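Each chain, written out:
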Amino acid sequence: MTETFRHSGEYHQQQSSAPVPPGGTQGAYPPPPAFAPEAPQAPAPARRRRAKGPVALLAAVAIAAAAVGGGTAYAVQTLTGKDGGSSATSTDVVPTSKKGTVAGVAEAVSPSIVEISATTGEGKSTGSGVITKSNGEIVTNNHVIAGATSIKVRTNDGKTYDAEVVGTDSKKDLALIQLKDASGLKPATFGNSGNVKVGDEVVAIGSPEGLTGTVTSGIVSALERDVTVATGDEPQQQQNPEGGWPFEFGGQQFNGDTGSSKTTYKALQTDASLNPGNSGGALIDMNGNIIGINSAMYSPSSSGQGSGQTASGSIGLGFAIPVDTVKDDLGKLRSGSKT
């Protein structure tokens, strides 16, 4: 009876592969197996193989992207000088497109350098200064403002401010002054003079002979020169007739008599042209960071035969107070200490 309900050929394969037992159609189905067959496994390997192509492609793309990203990061470091450039610091003040150029340094840092005119009982003196805060805090040489009864400061944009002394340190030839009613000024970025090397290129910005914003360039000629300068306690000794600030080096005196009250500090030597009026200005690395405060320069005088005229100028022998010394002294100066 069961055979009559089967469709034609439904069990054809079983019938052809297994003998029909004697006794009729009962048992025409194949006998059950001795144990339950394992459930058919999902074709996971096939699916994995099918997915392997896209996954591998995505992985390859990710690896390629990482490689490109790493290369880009390296290129950015190279262009911005994070791992190179001047040894003074890793901070970049100069835009990447102008990095390593004197013009780029001058454009970036000039707004942070000022001209200082101090009136004393002996007359007037001109120097330079570096803006340390946007409200008009300025660091300069002590000898620029020593004995001043009034101080005028002219910024790079031509504005003039009155200033007062905040603190002085004659032993380090440093002083801090504060402009009155100033705001929005561009402070300079201090670097690290401890990493400066002989031969590093530098830029000097100041106001020699009252010529505001004058830019010169050169290299670091030597490190840790013992330079002796007057402390400023004797105003009559501050400048010689040619305008040079007196200092001693190697047992010799330059630009006049330093007087009896003097101090010695370790200086950076540079051949960047410095002239009277550069004192208190900035010595800058090629990333635009301040690495020193210009403080002494040799300004020889020579008389033309029969003319009676005296001329003086830079011969490439200038000295700067290392900026690490300045940074160490700022707290004392800001506290109002006057020594």
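Residues numbered from 1 in each chain as written. Predicted model: local features only at pLDDT ≥ 70, side-chain atom pairs only at ≥ 80, totals over all residues. Heavy atoms only, no water.

Participant: Residues and numbers for the overall build of the protein chain, please.
Facilitator: Within the protein chain, the secondary structure is distributed over five helices and 16 strands. Considering the protein chain as a whole, with its 339 residues, one finds that 41% of them fall into the buried category. Of all intrachain contacts in the protein chain linking residues separated by at least 6 positions in sequence, the fraction that spans at least 24 positions is 65%. A total accessible area of about 17,500 Å² is found for the protein chain, and carbon and sulfur atoms account for 54% of it. (Helix = DSSP H or I, 4+ residues; strand = E, 2+ residues; numbered from the N terminus. Buried < 20%, exposed > 50% of the residue type's maximum accessible area, 1.4 Å probe, protein only. Contact = heavy atoms within 4.5 Å. Areas by Shrake-Rupley, 256 points an atom, 1.4 Å probe, with all protein chains shown as cover.)

Participant: Hey, could you go over unusual backbone geometry for me, with residue numbers and the actual values?
Facilitator: When glycine is set aside, most residues are seen to have a negative phi, and most peptide bonds are trans. Positive phi, close to 55°, is recorded for D173, a residue that is not glycine. Its place among the elements puts D173 in the loop between β5 (160-169) and β6 (174-179). Positive phi, close to 60°, is recorded for D181, a residue that is not glycine. Along the polypeptide, D181 turns up in the loop between β6 and β7 (201-206). Take D181: its relative accessible area is 78%, and that puts it in the exposed class.

Participant: Give a description of the nonpolar core that names residues and reports values.
Facilitator: Core analysis: the largest hydrophobic core is formed by 30 residues, its most contacted members being V109, V130, V227 and I290. At four residues, helix α5 (residues 323-334) tops the list of elements feeding residues into this core. In contact with I290, not counting residues within four places along its chain, are V109, V130, A188, T189, F190, G191, A282, L283, I284 and V323. Counting residues in hydrophobic clusters, the runner-up holds 15 residues, among them V114, I131, I138 and I145. (Core = buried A, V, L, I, M, F, W, Y, C linked by side-chain atoms within 4.5 Å.)

Participant: Quick rundown of α5? Include the residues and the values.
Facilitator: If you check α5, its first and last C-alpha atoms are 16 Å apart, about what twelve residues at 1.5 Å a residue would give, namely 16 Å. Of the positions making up α5, those classed as buried are V323, V326, D329, L330 and L333. Angular distribution of buried residues about the axis of α5 spans 140°; they occupy a single face of the element. Against β3 (137-140), β5, β6, β13 (290-297) and β16 (318-322) lie the buried residues of α5. G336 sits one or two positions beyond α5 and adopts a positive phi of about 95°. (Expected span 1.5 Å × (residues − 1). Arc of directions from axis to C-beta.)

Participant: Help me get a handle on the sheet that holds strand β2 (residues 123-131), residues and values and all.
Facilitator: The strand order around the closed barrel built from six strands is β1-β2-β3-β6-β5-β4, with neighbouring strands paired in antiparallel fashion. Within this sheet the neighbouring strands show an average axis-to-axis angle of 40°, counted without direction. Strand direction decides the pairing type here: strand β1 (residues 113-120) and strand β4 (residues 148-154), joined by six bridges, are antiparallel. Residue pairing across strands places E115 opposite R154, the latter belonging to β4. The strands touched by α5 are β3, β5 and β6; relative to β6, the strand with the most contacts, the crossing angle is about 55°. (Pairing = 2+ DSSP bridges. Axes fitted to C-alpha atoms, helices over the stretch in contact; angles between N-to-C directions.)

Participant: Residue-level account of the side chain of N278, with values.
Facilitator: By the element assignment, N278 lies in the loop between β11 (262-270) and β12 (282-285). Excluding residues that lie within four positions of it along the chain, N278 makes contacts with S128, I205, G206, S207, P208, S273, N294 and M297.

Participant: Any details on the pairing of β1? Residues and values, ideally.
Facilitator: The buried count for β1 comes to six of eight residues, which makes it a mostly enclosed element. One ladder, built from eight bridges, connects β1 with β2; its direction is antiparallel. What sits directly across from T119, in β2, is K124.

Participant: Quick rundown of the confidence of the model for the protein chain? Include the residues and the values.
Facilitator: When pLDDT is averaged along the protein chain, the result is 76; 64% of the residues meet or exceed 70. Overall, residues 57-90 carries pLDDT values under 50, and its contacts beyond four positions in sequence, including any with other chains, amount to 30 contacts. Contacts for the low-pLDDT stretch residues 302-311, under 50 throughout, to residues beyond four places or in other chains number ten contacts. (pLDDT = per-residue confidence, 0-100.)

Participant: Describe helix α3 (residues 102-109), with residues and values.
Facilitator: For α3, every residue scored as buried is listed here: G104, V105, A106, A108 and V109. Lining the buried residues of α3 we find β1, β7, β8 (214-230), β12 and β13.

Participant: Which residues make up the side chain of Q178, and what are the values?
Facilitator: If you trace the backbone, Q178 turns up in strand β6. A polar contact is formed between the side chain of Q178 and the backbone oxygen of N135, at a distance of 2.8 Å. Q178 has contacts with N135, G136, E137, D162, A163, E164 and V166, leaving out every residue within four places of it along the chain. (Polar contact = N/O pair within 3.5 Å; in protein donor to acceptor, adjacent residues only side chain to side chain.)

Participant: Describe in detail the environment of N141, supporting the description with residues and values.
Facilitator: Within the fold, N141 resides in the loop between β3 and α4 (142-145). For N141, a relative accessible area of 0% puts it in the buried group. Put simply, N141 and I293 are 152 residues apart on the chain and 7.7 Å apart in space, counted from C-alpha to C-alpha. Excluding residues within four positions of it along the chain, N141 makes contact with D173, L174, A175, S279, G280, I293, N294, S295 and I321.

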